[in-house]
Amino acid sequence: PVPPQIRSSSPTGRMARYGFRDATAGAEVVERLALDDTTLGALGAAADPDLALHTLDRLVEVAGRAPLAALAERPGLRGRLIGVLGASAALGDHLVAHPQDWELLSADGVVPDLGKPETADALRLAHRRALLVLAGRDLAHELELWDVCDILADLAGSALQIALELGRAELGDKCADARLAVIAMGKCGGQELNYVSDVDVVFVGEPDGDDGGLSSATRLAERMIKICSTASSEGIMFPVDANLRPEGRQGPLVRTLASHEAYYKRWARTWEYQALLKARPVAGDRELGQQYEDMVAPMVWAAANRPNFVPDVQAMRRRVEENIPKPEVDRQVKLGPGGIRDVEFAVQLLQMVHGRTDGRIHSRSTLPALEQLTDNGYIGRMDSSALADSYVFLRNLEHRLQLQQLRRTHVVPTDPDALRWLARAMGFRDVERFNAERARHAREVRRLHEKLFYRPLLDAVARLPADHARFNTRLTPKAAQARLQALGFEDPSSALKHLQAISIGLSRTATIQRVLLPAMLDAFADAADPDAGLRAYRQVSDALGSTPWYLRLLRDEGQGGEEGGGGGAAERLARLLASSPYVADLMTRAPESVRLVRSAAELRPRSREQVATALLSVVRRNTDWEDAVAAARAVRRLELVRVACADLLGLLDVTEVGAALSDAAAATLAAALDVASRKVEVELRGPLPASIAVIAMGRLGGNELGYGSDADILFVFEPRPHAEEGEAARAAKAVAEEMRRLLALPAPDPPLLLDLGLRPEGRQGPLARSLASYAAYYRRWSIGWEAQALLRAVPLAGDIELGFRFIELADEVRFPKRLTADAVREVGRLKGRMERERMPKNTDRTLHLKLGPGGLTDVEWAVQLLQLQSGARIPDLRTTSTLDALAAARAADLLPEADADVLSDGWRWAVRLRNAVVLTSGKALDSLPTAERALGRVAQAVGMGADDGPRLLDEHRSRSRQVRQVVDALFSRAEERAEQAQDEHDQSEQSEQSEQSEQSGEA
């Protein structure tokens, strides 16, 4: 219905409101043709109302008023005819040249047909008329995109067949017996042709004539190409492009079936197999064409077995983009980023990688292939839907571009009038909305292209042998167990049960698992313990199987080639679960932590401040004290997963691991202190009468925690103003006890055990002391080992100002002005005593990473001896970090550079091995294992091979011997230096005494 405001307007006003740009000229035509409001409204809705009106005027001039009467009476014709007149100047010109052809648009539901033209010109005219009928139905929205593409491909196939027959008739006896099959490639082969496109073909012939050659078949092929590709008064039908044939332009136009087969088996490149994916016989000798199709199909679906197949396809797509002229990049609908090729390359790559073992995804056409990939779990439903929507938009846009002049173009115009026409042809009333929608689809296609086309799983599956590339649930149990045993599973029967539990069935989850399992089984097999890895994977999958993000993450996430993470999320997860019982246990207790394997960036440890902020936020949201600390420990558990995974994947060095573990522990202790303090305040019904600080000691103080380390700490308090010492001491003790209790509660996370054994008087002393009490004790009773322990002291949590005042006190003790030779010898005696008493019985001392010769204790005590001896005069030695102290000692010439390197490298090596032992055993152990498989796991965890256990032991013994030699020499030099200093001190005192005596005598 015509809106009243338009119906009541002046003629030019009506025209302007309908969208005509030249309202005055348009009003004159309307008046002359006496158009009714319904027809005028239809014209106003056309892509170009002015073009539609003036072409209609031209048509009436040559065809009379019959079209006008029909427009008023037949709604179907009105939509089709006016749609064509407004969208295609070329088809409008055709109607003016052939006035009777407008009636072709009258019939509802007609499928265009070429009929039986007897000449080349008649064929071209029939083809143009078929395009007219198809465009009319398309522009009237009577057909879906895939119907249009399918009909266009069928028209091209029919035209090729008719052209072949015409050519055979023209050549007569010269090719009467020639056997020639025409194979459609590209979009024609895939039945998704454009309105204006080259038709890619390959010719297959059989020997004919007396010479046994292909001359007759070649002449016939050449004649067919000329009929289809030669322009006439009706324009060109379509160019026939035979350049996808073997050797391209340089190769013979027609080859025998055997010649094709020999070429593809020996010389074909990756892109040629990709092109063959769409090969389809469309004309000529059907039997020969079918033989060709049957011959190439196995080659297409085996192409992914070629070395570097996936990188080759990816590189080819990049080359296509690089060759686009820069001014056209953002306007290229077909080849540009976010264009049609992005969709097609992604779909084809997925098909060719997975299709070698899955015949359900072999469709030649993009949209059906996308649907098949989705139904069988290779693409997520949301991604598939978005990709399909954008592909339909882009292909429709391509069609509208080409219809205007029936020219082969894929570039969005910049001219405002042309852009306005294109927007309206696409159904948009303003250019801005059209541009925004086009940009949105381009972004979405590019996002999904990069997600699917560069999916790590593709390269992982392509690398697998074909018989491993799909987990086949139809294998007999015996055959399946044999395959699992060949992969390295020690208990294939149990492994098969795990696989069946997660992959058999018709559910979406089981479908996706069957897609994932081939690459994951290969990754399990390459890791230290495939059986444990698969068992843990089943546990995680059972916990997360119905969670939407879980399988989607494993299938789609994680770019291949990342630092330390090559292969993507699925392979990373498999490697981690099969390499580390520590990680497997944490992940099965906290399945949501699987999210961390998405990328290397996710595995980078968070800073102490970030973790502390998160923990404090968590504990302050909980009103139950125990729940609050449990929540904090759960956050720490997530950080432990993050650090352990990054460590195993080679993303962190030993110092970063130690710092990250220390940060997580420190933040957890701060949160627990906050909860314990608030709980005691509630019990006291008022604020704490004491300021409390937690002092980190040992490895925690040095920022060097390992996975199995306890948290060595001290509690120091100071009474608040107007509070009594006893009252403050009781409150501080209550906070310390509550904090220790809360952290020791049973929970699914690794325990964070507090060790307060370094406090004054050890286990016999109070849990918390006042700063004044510490000062009195250290100044009166402190012994050598306590000064050494204080070398690692650093404020950790609570009242930091109080913590720093404790450090000022500690400096007086840990950096004496002079260390006597007896004190140096005492350090050596304590070290030897500790090694003897703490070494577990029946342990190979050379394999103990902490207390053994050349182990961590050797390096750390040597460094601490240097700090005790020279820290007072060398400020750079006043650090809690072992490696930093070593660097300072080297800079101060306290030990030779070569010795410093031995100690530094030895310390890193021992820490790395100690961490690896915990990760690969799941237990807080300090010795290298001797069992072959366990030792192999440790070797893999530090970057060696599973068979390198003996080499690892040799390397460790060699390094530890060197460390021990350097340490022994360092202790000897330290004792000599102390004795020399003692002698110099004694001589100085004697000199002073003599001087004083002389002065006294003179007096």
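See the structure above.
Here's a quick rundown of the structure. (Residues numbered from 1 in each chain as written. Predicted model: local features only at pLDDT ≥ 70, side-chain atom pairs only at ≥ 80, totals over all residues. Heavy atoms only, no water.)

Along the protein chain, the regular secondary structure elements total 43 helices and 10 strands. Its C-alpha atoms give the protein chain a radius of gyration of 41 Å, clearly above 30 Å, the size a compact globule of 1003 residues would have. Each principal axis of the C-alpha atoms in the protein chain carries an extent, and together these give about 145 × 80 × 60 Å. Sorting the 1003 residues of the protein chain into buried and exposed places 56% on the buried side. At a minimum sequence separation of 6, the contacts of the protein chain that also span at least 24 residues come to 72%. Working note: accessible area of the protein chain is about 42,500 Å², and carbon and sulfur atoms make up 48% of it. Considering the protein chain, the positive charge centre built from 128 side chains and the negative charge centre built from 143 side chains are found 3 Å apart. (Helix = DSSP H or I, 4+ residues; strand = E, 2+ residues; numbered from the N terminus. Rg over C-alpha atoms; globule rule 2.2 N^0.38 Å. Buried < 20%, exposed > 50% of the residue type's maximum accessible area, 1.4 Å probe, protein only. Contact = heavy atoms within 4.5 Å. Areas by Shrake-Rupley, 256 points an atom, 1.4 Å probe, with all protein chains shown as cover. Lys, Arg positive; Asp, Glu negative; His and termini not counted. Charge placed at Lys NZ, Arg CZ, Asp CG, Glu CD.)

Among the 9 residues of helix 8 (residues 89-97), 7 are classified as buried, and the element is accordingly described as predominantly covered. Listing the buried residues of helix 8 in full gives A89, A90, L91, G92, H94, L95 and V96.

Further remarks concern the side chain of T668. Within the fold, T668 resides in helix 32 (residues 654-684). Look past the residues within four positions of T668 in its chain and what remains in contact with it is L615, R633, R636, L743 and L752.

Judged by how many residues are buried, strand 1 (residues 179-184) sits mostly within the fold: 5 of 6 residues are covered. Looking at chain direction, strand 1 and strand 2 (residues 199-206) are connected through 6 bridges and run antiparallel. Bridge pairing links L180 to G205 in strand 2. Taken together, the 4 bridges between strand 1 and strand 5 (residues 280-284) define a ladder with antiparallel strand orientation. Within strand 5, the position partnered with A181 by the bridge is G284. (Pairing = 2+ DSSP bridges.)

Scanning all chains against the criterion turns up 5 cavities of 30 Å³ or more. Taken as a whole, the second largest cavity holds about 60 Å³ of empty space. Per-class residue counts for the lining of the second largest cavity are 4 nonpolar, 3 polar and 2 charged. (1 Å grid on protein atoms, 1.4 Å probe; cavity = no way out; pocket = protein on both sides within 12 Å on 5 of 7 lines; lining within 4 Å. Points joined across faces, edges and corners; volume = space filled by probe spheres on them. Nonpolar A, V, L, I, M, F, W, Y, C, P; charged D, E, K, R; others polar.)

With that out of the way, let us pick up the nonpolar core. If you look at the biggest cluster of nonpolar residues, it comprises 156 residues, and the most contacted ones within it are L160, F203 and Y292. Here the element with the most residues in this core is helix 10 (residues 145-171); it accounts for 13 residues. Once residues lying within four places of it in the same chain are set aside, the contact partners of Y292 are I183, V202, V204, L257, H260, Y264, L276 and A279. By size, the runner-up hydrophobic cluster in this structure holds 120 residues, among which are V675, F717, A732 and L743. (Core = buried A, V, L, I, M, F, W, Y, C linked by side-chain atoms within 4.5 Å.)

One pass over the full model with this rule turns up 9 aromatic pairs. For the ring pair W549 and Y550, a centre distance of 6.3 Å and an interplane angle of 90° mean the geometry is edge-to-face. Accessibility expressed as a relative area gives 14% for W549, which makes it buried. Members of the aromatic cluster, each reached through a chain of ring pairs, are Y774, Y777, Y778 and F806. A cation over a ring is seen here: K831 above F971, with NZ or CZ 5.9 Å from the ring centre. (Phe/Tyr/Trp six-rings, centres within 6.5 Å; stacked < 30°, edge-to-face > 60°. Lys NZ or Arg CZ within 6 Å of the ring centre and 35° of its normal.)

Here we take up unusual backbone geometry. With phi around 55°, A34 is a residue other than glycine that occupies positive phi space. According to the relative accessible area criterion, A34 is exposed, its value standing at 59%. One non-glycine residue, H722, adopts positive backbone phi at about 70°. Counting through the fold element by element, H722 comes out in the loop between strand 7 (711-719) and helix 34 (725-744).

As a further point, take helix 38 (residues 821-838). Given a rise of 1.5 Å per residue, 18 residues ought to cover 26 Å, and the 26 Å separating the end C-alpha atoms of helix 38 matches this to within 8%. Looking only at helix 38, the buried set comprises A821, V824, V827, K831, G832, M834 and E835. Projection of helix 38 onto a plane perpendicular to its axis shows the buried side chains occupying an angular sector of 160°, all on one side. In helix 38, the exposed residues that point more than 90 degrees away from the buried face are D822, R836, E837 and R838. (Expected span 1.5 Å × (residues − 1). Arc of directions from axis to C-beta.)

Our next topic: the environment of I800. Looking at the element boundaries, I800 is found in helix 37 (residues 800-814). I800 gets classed as partly exposed once you look at its relative accessible area, which sits at 35%. Put simply, I800 and S691 are 109 residues apart on the chain and 9.8 Å apart in space, counted from C-alpha to C-alpha.

The subject of this paragraph is the packing of helix 17 (residues 340-354) against helix 19 (residues 381-405). Between helix 17 and helix 19, the least distance of the axes is 9 Å, while the angle of their chain directions is 135°. With respect to helix 19, the axis of helix 17 lies oblique. Seen from above, helix 17 lies across helix 19 with left-handed handedness. Across the interface between the two elements, I340, V343 and E344 from helix 17 touch L387, Y391, L394, R395 and E398 from helix 19. Residues belonging to the contact of helix 17 with helix 19 are distributed by class as follows: 5 nonpolar, no polar and 3 charged. (Axes fitted to C-alpha atoms, helices over the stretch in contact; angles between N-to-C directions. Parallel < 35°, antiparallel > 145°, perpendicular 65-115°, else oblique. Left-handed = near helix turned anticlockwise from the far one by under 90°.)

With that settled, the discussion passes to the packing of helix 2 (residues 11-18) against helix 4 (residues 37-44). Contact geometry of helix 2 with helix 4 gives a least axis separation of 9 Å together with a crossing angle of 45°. When the axis of helix 2 is compared with that of helix 4, the two are oblique. In contact with R14, M15 and Y18 of helix 2, helix 4 contributes D37, L40, G41 and G44. A per-class count over the contact of helix 2 with helix 4 returns 3 nonpolar, 2 polar and 2 charged.

Moving on, we come to the layout of surface pockets. For the largest pocket, the calculated volume is near 1,400 Å³. Lining the largest pocket are 33 residues, and of these D712, L758, M834, R838 and K850 lie nearest its centre. Those elements giving two or more residues to the lining of the largest pocket turn out to be helix 33 (698-701), helix 36 (784-789), helix 38 and helix 39 (856-870). Ranked by the residues each element gives to the lining of the largest pocket, the list is headed by helix 38, at 5 residues. Across the lining of the largest pocket, the residue classes break down as 10 nonpolar, 10 polar and 13 charged. One number sums up the size of the second largest pocket: a volume of about 1,000 Å³. Broken down by secondary-structure element, the contributors of at least two residues to the lining of the second largest pocket are helix 11 (186-189), helix 14 (270-276), helix 16 (309-322) and helix 17. No other element matches helix 17, which puts 4 residues into the lining of the second largest pocket.

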